[in-house]
Amino acid sequence: MVLQRAHPLGAAPVAGAEAGAVTEVLALLRACEDGTRARERAAELCREADLLSVLFQNVDLLYEAGHPHADAMGALVMAALERASP
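Please read these numbers as outputs of a predicted model, since none were measured by experiment.

Asks: So what's going on with the nonpolar core? Which residues, and what values?
Replies: Leu28, Leu45, Leu55, Leu62, Met73 and Leu76 are the most contacted members of the largest nonpolar core, which totals 16 residues. Breaking this core down by element, the ones donating at least two residues are α2 (17–31), α3 (35–45), α4 (49–64) and α5 (70–84). Not counting residues up to four positions away in its chain, the partners in contact with Leu76 are Leu28, Cys32, Ala38, Arg41, Ala42 and Leu45.

Asks: Explain the pattern of salt bridges residue by residue, including any values.
Replies: Tallied over the entire structure, the rule returns 3 salt bridges. In this structure, Arg5 and Glu24 form a salt bridge, with 2.7 Å as the shortest nitrogen-oxygen distance. With Arg5 in helix α1 (residues 2–6) and Glu24 in helix α2, the pair connects residues that are 19 residues apart, well separated along the chain. Between Glu44 and Arg41 there is a salt bridge, with the nearest N and O atoms lying 2.9 Å from each other. In this pair, Glu44 and Arg41 both sit in helix α3, 3 residues apart, roughly one turn of the helix. Residue classification places Arg41 among the buried positions, given a relative accessible area of 16%. Look at the salt bridges and you will find they share partners, linking Arg41, Glu44 and Glu48 into a network.

Reading guide: rules and limits
Residues numbered from 1 in each chain as written. Predicted model: local features only at pLDDT ≥ 70, side-chain atom pairs only at ≥ 80, totals over all residues. Heavy atoms only, no water. Core = buried A, V, L, I, M, F, W, Y, C linked by side-chain atoms within 4.5 Å. Buried < 20%, exposed > 50% of the residue type's maximum accessible area, 1.4 Å probe, protein only. Helix = DSSP H or I, 4+ residues; strand = E, 2+ residues; numbered from the N terminus. Contact = heavy atoms within 4.5 Å. Salt bridge = Lys/Arg side-chain N within 4 Å of Asp/Glu carboxyl O.

It is worth stressing that arrangement in space is one thing and function is another; only the former is reported here.
So, in structure tokens, the structure goes:
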């Protein structure tokens, strides 16, 4: 998730982008620990199409790794997609 967020296809490499992406992804995982923060983040996430796309494409990796918040992240992504849909 971090590499895809830090280095989108077709974009020129940006120094320090990975550190920012790590912070961003970790903040999302922490938000999944608290349902209230997750709902607020879903509202913001629906306006961040690039990040939402990265999460949607990679949420299965959290399940593969046995991450304790995989279900919550999946729900966050689905909530953001629902909000973004007309």
